[in-house]
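Below, each chain spelled out in residue letters.
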Amino acid sequence: MSQYLWKIGGEAGFGILTTGTFFSKIASRLGYFIFDYIQYPSLIRGGHNTYNVGFSDEPVYSLKQTIDMLVCLNKDTYTFHKDKLGSGSLVLYDKDEFEIVDSVIKIHIPLKKTLSELKGQVVMKNTIALGASLALLGADIAVLYELLMSQFGRKGEAVVNVNKQFAEAGYNYVLANYKEYIKPLLVKRENPPQLVISGNETFSLAASVADCRLYVAYPMTPSSTVLTVLAGWQGKTNMVVRHAEDEISVINTALGGSLAGVRSSVGTSGGGFALMVESISFAGIAEIPLVIFLAQRSGPATGMPTWTEQGDLLFAVHAGHGEFPKIVLAPGDNDEMFELTIKAFDLADIYQVPVIVMSDMLLSESHRSLSKGLVEKHMKEYKPNRGKQITAVDQSPYLRYRITDDGISPHLIPGAEGAYYQSNSYEHLEDGHTTEEALDRIHQVDKRARKTQTYLKSHFSPPKIYGDMDGAEIIFVAWGSTKGPVQEAQRILQGKGIKTALLHFTHMFPMDKETVLPFFNKEKRYILVENNSTAQFGKLLRMELSVDLKETILKYDGRPISMEEIVNFILK
Amino acid sequence: MSTIQDFTGYQPTWCPGCGNWGIGVAIKSALVQMGLSPSSVFVSFGIGCSGNMNDFLNAYASHGLHGRALPVAIGFKLSNHKMKTIVVAGDGDFYGEGGNHFLHGCRGNHDITAIIHDNSVYGLTTGQVAPTASKGYKSKSTPAGIIEMPVNPLSFAITQGATFVAQAFAGNAPHMIETMKSAFQHKGFSIVNVLQPCVTFNKINTYPYYMQKSYKLGPDYQPNNKVTALGKALEFHEEKFPLGILYKEDRPAYHEHLPQLADSTLVSQSKPKDLAGLLGDFI
């Protein structure tokens with residue numbers, strides 16, 4: 001089946017987020033792959049919220065634009081989104097609240113009347129509408145009841161029953177009045193179990209699996225849910241989660257944890273990351289492992305806090321004064337977020353460097369299906385690779401910054417008897433003491449730089465190819481979360497007889513020129529796709545590879561690039 | 001038993017007569033008398049003349065960024081709360097650049113001792129005014145005299161939740177050692193503000209100045225009363241400098257509130273075995 005898009009909209013503060021997540025979980029429990037996306041203003045009450053869920057019997061990489069079912073909890077929802085309706089799209093609304101004069105398929109649901117009859121609170125409108133939606137898709141309402149039980153069961157049976165009552169009212173109203181519009185699109189099917197999980201939650205899960213024991217953050221959209229999720233899990237993970245006073249304290253606290261030998265991490269968005277930059281440089285020279293989760297939003301400055309952008313790539317790559325090695329990774333979906341986050345913790349320890357894991361609002365806050373089996377496999381099998389971390393002195397005297405061929409020095413966990421050393425932000429001798437001698441300076445700069453060479457040889461991964469590069473006439477080039485829309489566009493273009501390939505980068509920096517350059521030597525039409533206005537990855541490719549991509553699809557209005565925009569660019 | 005020699009690193013580069021010499025010896029003496037060794041102490045140094053002690057004091061240490069010694073110490077303490085953790089920083093570093101961390105460090109009552117070298121100037125950058133300088137103090141960066149009121153670190157610490165607040169004078173080694181030992185022994189956030197002449201750049205707050213204007217709190221002084229302690233701390237604005245423990249209270253340290261750390265330090269724990277329970281939220 002092709003993707004089906006369900007969209008619900010209403011006033012902020014009235015439970016849209018919960019209802020949308022419920023819809024995703026129900027579709028997933030019924031054996032479908034999902035992808036959802038929330039749009040909301042930077043407000044708590046008032047303003048317009050929408051929640052979009054796409055589901056299909058095959059993986060959904062990105063949401064299509066045409067709405068198949070639009071659930072309007074208020075008039076704005078209809079007004080703002082009616083231009084995205086297709087000819088067969090259904091519009092659910094309450095004619096007692098507002099009129100629709102256009103010739104669309106109108107499904108009247110008596111939200112107001114039901115509320116007053118059953119004496120419900122306004123948020124129950126969502127539940128009625130959810131029940132009605134499920135009826136129209138031929139779903140078994142029992143799946144919603146099970147979900148209500150698992151979500152609200154701890155609040156008591158009464159709460160569950162109230163919700164059930166309203167869901168049932170919506171469900172039965174459709175069965176009684178709109179039988180002709182019911183399509184069996186959400187009928188239970190067999191599918192390996194999937195998690196309905198956001199990018200931030202995936203990062204949180206991966207950090208827990210990777211044995212991160214100290215997470216420090218200051219709330220900043222769209223990274224904040226990592227802090228709240230990990231804080232809520234402390235009883236199960238034994239992680240220490242600290243909400244510090246500012247981002248400078250955040251990163252230095254985490255560096256203190258790393259110095260003590262504990263896997264540590266921080267999470268933030270652009271503005272908070274900017275405050276951390278001096279300390280990234282400290283981690284660079286003092287060779288302190290750290291994983292930094294950077295969830296981008298539309299900048300600059302406060303920008304558009306709840307909207308998406310890939311505007312911080314070059315900032316991340318260049319973050320920190322002076323010259324030192326760091327690693328920047330950018331997962332494109334939840335599978336990569338899970339696996340690369342775990343890899344990031346290993347890399348930070350192995351190379352004793354800051355590792356930045358880049359996300360953005362689209363990846364951080366959208367739920368997608370993530371194979372439960374994949375996660376469980378890692379939970380069972382993963383063992384941290386701490387690199388050259390040691391707990392007892394390996395040679396005397398112990399030299400924290402010992403010159404080695406691979407650039408990596410043994411890292412003694414403080415507390416070992418008979419030794420001591422300092423981690424020094426000043427240039428230093430092998431033993432950690434401060435120096436300003438020319439030759440010692442050169443030795444240490446070169447030693448640190450060798451870590452980059454070792455990384456490129458041992459852990460750098462070239463871009464992944466989706467499609468057949470040789471058979472394709474168009475090669476898309478993308479990084480991070482733009483992977484999804486390109487993959488969906490590839491499906492559409494394939495259907496129109498246009499062969500394409502996608503070159504998707506996750507290991508952003510440093511980049512191994514010899515490995516990557518051959519991907520760009522084909523006589524093909526290369527098109528760079530980025531969610532920013534200046535084609536930052538294009539600049540990085542010029543800088544690192546002297547490759548100049550002329551054709552670009554760029555979007556910077558705060559919204560993710562859609563598959564239709566990419567397809568239209570090709571077909572225009 | 002360790003000795004002063006065990007803690008002694010490189011020959012200091014401080015100016016002859018600088019108060020740092022006395023503070024350096026006092027810290028080492030206090031650590032020795034506490035039975036600690038260079039392998040059992042973590043020191044987080046700030047940046048400045050005081051921070052340069054990193055090369056002169058042997059210990060597990062971090063010489064980090066200007067203003068950021070305290071958060072590094074907090075992260076270390078959370079990860080290995082059995083290790084004695086000390087911050088060594090100057091007044092510009094701790095009360096200026098790192099002022100926000102000072103505030104929240106007091107609130108958190110982290111089990112850390114901060115030894116703050118208070119000489120009212122930025123020595124390492126050649127004598128600009130520090131936040132503790134008296135109003136009107138003339139320096140290279142304030143040729144017409146500083147307009148701001150001085151920071152009062154003692155009253156600040158007392159009101160913001162520090163559980164051990166003391167003052168010492170770099171010219172009185174025995175008293176400094178005793179005060180530092182008490183601070184090291186205290187469980188919770190302890191601060192020792194050390195009045196320290198800068199013989200090169202500060203011609204006002206000299207050894208004779210402090211000898212004349214400082215006095216030791218007597219044996220009758222009870223440091224358990226916040227209001228009395230605050231009264232003592234405010235004498236600073238009349239150029240009177242009480243020496244000793246102004247305020248002390250017992251309150252659980254930050255890490256003692258964390259059930260994760262009840263049985264062992266974070267660094268010594270084994271990986272949690274069963275995380276499968278986390279997946280229920282996503283089904």
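In this text, all values refer to a predicted model and were calculated from it rather than measured experimentally. (Residues numbered from 1 in each chain as written. Chains lettered and ligands numbered in written order. Predicted model: local features only at pLDDT ≥ 70, side-chain atom pairs only at ≥ 80, totals over all residues. Heavy atoms only, no water.)

> What is the right way to read the sheet that holds strand β19 (residues 474–479) of chain A from this model?
Sheets are built from strands that pair by backbone hydrogen bonding, the pairs being arranged parallel or antiparallel. Residues and elements named next belong to chain A. Spatial strand order, β18-β20-β19-β22-β23: 5 strands in an open sheet with mixed pairing. Looking at which strands have only one partner, the edges of the open sheet turn out to be β18 (464–467) and β23 (551–554). The average undirected angle you get between the axes of adjacent strands in this sheet is 25°. Relative to strand β20 (residues 500–505), β18 runs antiparallel, the two sharing 4 bridges. From the neighbouring strand, Y466 faces β20, where its bridge partner is L502. (Pairing = 2+ DSSP bridges. Helix = DSSP H or I, 4+ residues; strand = E, 2+ residues; numbered from the N terminus. Axes fitted to C-alpha atoms, helices over the stretch in contact; angles between N-to-C directions.)

> Explain the packing of helix α16 (residues 483–495) of chain A against helix α19 (residues 563–571) of chain A to me, please; I cannot follow it from the model alone.
All names here are of chain A. The interhelical angle for the contact between α16 and α19, taken along N-to-C directions, is 50°, at an axis separation of 8 Å. Between α16 and α19, the interaxial angle falls into the category oblique. In this structure, α16 crosses over α19, and the sense of that crossing is right-handed. Along its contact with α16, which presents P485, V486, E488, A489, I492 and L493, the element α19 presents M563, I566, V567, I570 and L571. Tallied by class, the residues present in the contact of α16 with α19 amount to 10 nonpolar, no polar and 1 charged. (Parallel < 35°, antiparallel > 145°, perpendicular 65-115°, else oblique. Left-handed = near helix turned anticlockwise from the far one by under 90°. Contact = heavy atoms within 4.5 Å. Nonpolar A, V, L, I, M, F, W, Y, C, P; charged D, E, K, R; others polar.)

> Is there a simple way to explain the nonpolar core in this structure?
Note that soluble globular proteins tend to have their nonpolar side chains buried in a common cluster. Residues L205, V477, F505, F520 and F537 of chain A together with F94 of chain B are the most contacted members of the largest nonpolar core, which totals 148 residues. For this core, the element with the highest residue contribution is helix α12 (residues 334–351) of chain A, accounting for 10 residues. Discounting chain neighbours no more than four positions away, the residues touching V477 of chain A are L503, F505, F520, Y526, I527, L528, V529, F537, L541 and L549 of chain A. Grouped together as the second largest cluster of nonpolar side chains are 67 residues, Y32, I38, Y40 and M124 of chain A included. (Core = buried A, V, L, I, M, F, W, Y, C linked by side-chain atoms within 4.5 Å. Buried < 20%, exposed > 50% of the residue type's maximum accessible area, 1.4 Å probe, protein only.)

> What is the right way to read helix α6 (residues 153–160) of chain B from this model?
It helps to recall that an α-helix has 3.6 residues per turn; residues three or four apart then point in one direction. All names here are of chain B. By the burial criterion, the buried members of α6 are P153, L154, S155, A157 and I158. Where α6 is buried, its residues touch α4 (91–97), α5 (99–108), β7 (164–169), β8 (190–195), α9 (226–234) and β10 (241–248). Among the residues trailing α6, G161 stands out with phi positive, at a value near 115°.

> I tried to follow unusual backbone geometry on my own but got confused; where do I start?
Most peptide bonds take the trans configuration, and most residues that are not glycine carry a negative phi. Residues and elements named next belong to chain A. Of note, the bond from T221 into P222 is cis; its omega dihedral lies within 30 degrees of zero at 0°. Within the secondary structure, P222 is located in the loop between β8 (214–217) and α8 (224–237). A cis geometry characterises the amide bond from S396 onward to P397, with omega recorded as -5°. Mapping P397 onto the fold places it in the loop between β15 (389–390) and β16 (411–412). The phi angle at D211 is positive, at roughly 65°, despite the residue not being glycine. Tracing the chain through its elements places D211 in the loop between α7 (199–209) and β8. Judged by relative accessible area, which is 7%, D211 ranks as buried.

> Would you explain the side chain of E247 of chain A in this entry?
Residues and elements named next belong to chain A. Inspection of the secondary structure assignment puts E247 in helix α9 (residues 247–260). Buried charged residue E247 carries no salt bridge. Nearest counter-charge: R297, at 8.4 Å. Sequence-distant contacts of E247, that is, excluding residues within four places in its chain, are made with Y218, M220, T268, G272, L275 and M276. (Lys, Arg positive; Asp, Glu negative; His and termini not counted. Salt bridge = Lys/Arg side-chain N within 4 Å of Asp/Glu carboxyl O.)

> Just checking my understanding: could you explain the pairing of β10 of chain B for this structure?
Remark: a regular strand shows side chains that alternate across the two faces of the sheet. All names here are of chain B. In terms of burial, β10 is a largely internal element, 6 of the 8 residues being buried. When strand β9 (residues 214–216) meets β10, the two strands line up parallel, connected through 3 bridges. Looking across to β10, one finds that K216 is bridged to L243. Crossover handedness for the path β9 to α9 to β10: right-handed. (Right-handed = clockwise from strand over helix to strand, strands pointing away.)

> Would you explain the packing of aromatic side chains in this entry?
The geometry of an aromatic ring pair is captured by two quantities: the separation of the ring centres and the angle between the planes. Taken as a whole and judged by the stated rule, the model has 31 aromatic pairs over all chains. Among the aromatic residues, ring-to-ring pairing joins F169, Y207, Y209, Y210, F236 and F241 of chain B into one connected group. A cation sits over an aromatic face here: R189 of chain A above Y32 of chain A, 5.8 Å from the ring centre. The ring of Y254 of chain B carries R242 of chain A above its face, with NZ or CZ at 5.7 Å from the centroid. (Phe/Tyr/Trp six-rings, centres within 6.5 Å; stacked < 30°, edge-to-face > 60°. Lys NZ or Arg CZ within 6 Å of the ring centre and 35° of its normal.)

> What is the right way to look at the state of the cysteines in this model?
Where two cysteines share a covalent bond between their sulfur atoms, that bond is called a disulfide. What the rule picks out here adds up to 0 disulfides over all chains. Note on C18 of chain B: no disulfide assigned, nearest cysteine sulfur contributed by C15 of chain B at a separation of 6.1 Å. (Disulfide = S-S within 2.5 Å.)

> Any chance you could explain the pattern of salt bridges here in plain terms?
Any two side chains of opposite charge can pair, so long as their charged atoms come close to each other. All names here are of chain A. Under the criterion given, the structure shown has 33 salt bridges over all chains. Note that D406 is salt-bridged to K388, the shortest N-O span being 3.1 Å. Residue D406 is found in the loop between β15 and β16, and its partner K388 is found in the loop between α14 (372–381) and β15; the two are separated by 18 residues along the sequence. Between D394 and R402 there is a salt bridge whose closest N-O contact spans 3.3 Å. Under the relative-accessibility criterion, D394 is labelled partly exposed at 40%.

> Would you mind going over the domain arrangement of chain A with me for this structure?
Reports of interface size often rely on the accessible area that becomes lost once the parts have come together. Residues and elements named next belong to chain A. Parsing chain A into structural domains produces domain 1 (4–191), domain 2 (196–381), domain 3 (389–458) and domain 4 (464–571). On a C-alpha basis, the centroid separation for the pair domain 1 and domain 4 is 35 Å. With 11 residues of domain 1 at the interface, the matching set in domain 4 holds 12 residues. Buried surface at the junction of domain 1 and domain 4, both sides included, amounts to about 850 Å², of which 48% is carbon and sulfur. When the buried surface of domain 1 facing domain 4 is broken down by residue, Y61, S62 and Q65 rank first, second and third, together holding 60% of it. (Domains from an automatic or database assignment. Buried area = accessible area lost by both parts, 1.4 Å probe.)

> Help me out: how do you make sense of the sheet that holds strand β9 (residues 240–243) of chain A in this one?
All names here are of chain A. The strand order across the open sheet built from 7 strands is β9-β8-β10-β11-β13-β12-β21, with neighbouring strands paired in mixed fashion. Unpaired on one side and paired on the other, β9 and β21 (507–509) mark the two borders of the sheet. On average, each strand axis in the sheet is inclined to that of its neighbour by 20°, with strand direction left out of account. In this structure, strand β12 (residues 327–329) lies alongside β21, joined through 2 bridges in antiparallel fashion. Each bridged residue has a counterpart across the sheet, and for L329 the counterpart in β21 is H507. On the sheet, α12 packs against β10 (264–268), β11 (290–296), β12, β13 (354–360) and β21 and is oriented at approximately 160° with respect to β13.

> Please explain the packing of α9 of chain A against helix α10 (residues 270–286) of chain A as it appears in this structure.
Packed helices, taken two at a time, are described by the angle between their axes plus the distance between the axes. Residue and element names in this part refer to chain A. At a closest axis distance of 8 Å, the pairing of α9 and α10 adopts a crossing angle of 30°. The element α9 and its partner α10 pack so that their crossing is right-handed. Contact residues: E247, I248, V250, I251, N252 and L255 in α9; G272, L275, M276, S279, I280, F282 and A283 in α10.

> Looking at this structure, I do not really get the confidence of the model for chain B. What am I missing?
Close reading of the predicted structure is inappropriate where its pLDDT is low. Looking at chain B, the pLDDT average stands at 96 and 100% of residues meet or exceed 70. Note on the complex model: pTM 0.97, ipTM 0.98. (pLDDT = per-residue confidence, 0-100.)

> Help me understand the pairing of β19 of chain A in this model?
Residues and elements named next belong to chain A. Within β19, 6 of the 6 residues are buried, which leaves it mostly tucked inside the rest of the structure. Side chains of β19 alternate between two faces, with I474, F476 and A478 and I475, V477 and W479 buried alike. Each parallel crossover has a hand, and the one from β19 via α16 to β20 is right-handed.

> Just to check I follow, could you spell out helix α6 (residues 157–177) of chain A for this structure?
Residue and element names in this part refer to chain A. With 21 residues, α6 should cover 30 Å at 1.5 Å per step; its first-to-last C-alpha distance of 30 Å lies within 8% of that length. Of the positions making up α6, those classed as buried are V160, N163, F166, A167, G170, Y171 and V174. One face of α6 carries all of its buried residues, which in axial projection span an arc of 140°. Projecting away from the buried face of α6 at angles above 90 degrees are the exposed residues E157, A158 and A176. Next to the buried residues of α6 lie α3 (111–118), α4 (124–136) and α5 (141–152). (Expected span 1.5 Å × (residues − 1). Arc of directions from axis to C-beta.)

> What is the right way to look at the interface of chain A and chain B in this model?
Between chain A and chain B, the residue contacts involve 62 residues of the former and 50 residues of the latter. Across the interface of chain A and chain B, roughly 4900 Å² is buried in total on both sides, 59% from carbon and sulfur atoms. Contact with chain B buries surface across chain A, with R213, E245 and Y420 of chain A losing the most and accounting together for 13% of the total. On the surface where chain A and chain B come into contact, there are 0 salt bridges.

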